[in-house]
Every structure is written in structure tokens, then in C-alpha cells.
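# Summary of structural features
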Amino acid sequence: MIDLRYVKKLIEMLDGSTVDSIEISSDKGMKLRISKSPQQRAAVAMAPALPAPVAVAAPAVLPAVAAARLAEEGGTAVPKAEAPKSAALEIKSPMVGTFYAAPEPGAKPYVSVGDRISKGQIVCIIEAMKIMNELESEFDGVVREIGIADTHAVEYGQVLFRIDPTG
């Protein structure tokens, strides 16, 4: 069996480093793979070669605790309504790199908030491994939000622009 403190320490070490994933195998056939991604900071996958793996689920106590605390304060627990989904379309980064809003330093940005853009129009550059990659819009619409500042690092899947298709 794997010591959970050991796994937690590995996750903390991985989270604080530039390494994307770790895979450890034991001589008894147990494999442990820990990787990080933009959507989920640390994911643990265990594939034991031994039969009957034990799955542990985290208890969902926070909603119950919040409801109990609210009841103690004389309030009632009312389920929170979800915010309506925005009609805005998102242009996400297809890679890890550095975001550039303009073709060169000091030049006018490709797009600004309020600009009407069309499908296929260049909206920014992402530099990855010393290669300048022009990113084209997948949509027609109006730029409603730019989610990153010029020359900042960008991760795979990070939202760069929100586009209003009806704009």
C-alpha cells in the first residue's frame, strides 16, 4: 500500500516545480502517476497490478457544514442558483508560451476590447520555443474581454479573449 503522506508530499513538490508529471513503479507491481494540467492542478492515478484496489472518495461535508452554520444563525439554507451561462465565445490558448498582443513592441495591438473581428483574423501571437505562432479567431463577433496582459506567460487552454457573437 502507498503511504498517503508520501503521495501528498509528491503532489506538493510537483506543484511547486516546472515538471509536468511523475511516474513511480514499485517492485510489487504498484504504479503511481501524478501529473498536473491547467484544468486540474494535480491528478493522481493509481494502477495496481494487485487485485481489489481500494478507492477513497472525499466526503462532501462543506454544504452540510454551511447549512448547519446558517441554521444556527437563524437563516435558512437556500440552494444557490447558478449564474446564467454567458453567450460569449472563448478563444483559448492552444499552447504554453508568451502572449503578445501586437506584431512587434510598440505597435498597435491586433485587437482591442470593442473591436469587431471575423473568423480567420489574427488576434495575437503566442511565442513558444522561440517560434512566433499567430493565433486566428475561430469566430465572428465583437471582443468583449482580453483575459491576459501583453508579454505575460499563458498556459494551454487559458482563455485569452471573450467574443460576443451578436455584438
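Quantities reported herein were computed from a predicted structural model and do not represent experimental measurements.

A few words on the sheet that holds strand S8 (residues 131-136). Spatially, the four strands line up as an open sheet ordered S8-S7-S5-S10, and their pairing is antiparallel. Of all the strands in the sheet, the pair left with one neighbour each is S8 and strand S10 (153-154). In the sheet, strand S5 (residues 97-100) pairs with strand S7 (residues 122-128) via three bridges, with the strands oriented antiparallel. Counterpart to Tyr100 in the pairing with S7 is Ile125.

The next thing to look at is helix H1 (residues 4-15). The α-helix advances 3.6 residues per turn, and as a result positions three or four apart in sequence lie on the same side. For H1, built from 12 residues, the straight-helix expectation of 16 Å at 1.5 Å per residue is met to within 8% by its first-to-last C-alpha distance of 16 Å. Buried within H1 are the following residues: Val7, Leu10 and Leu14. What you see down the axis of H1 is that its buried residues fit within an arc of 60 degrees, all on one side. For H1, the exposed residues set more than 90 degrees away from the buried face come down to Arg5, Lys8, Glu12 and Met13.

Each value, and the rule that gives it
- Residues numbered from 1 in each chain as written.
- Predicted model: local features only at pLDDT ≥ 70, side-chain atom pairs only at ≥ 80, totals over all residues.
- Heavy atoms only, no water.
- Pairing = 2+ DSSP bridges.
- Helix = DSSP H or I, 4+ residues; strand = E, 2+ residues; numbered from the N terminus.
- Expected span 1.5 Å × (residues − 1).
- Buried < 20%, exposed > 50% of the residue type's maximum accessible area, 1.4 Å probe, protein only.
- Arc of directions from axis to C-beta.

So yeah, pure geometry; function would need other evidence.
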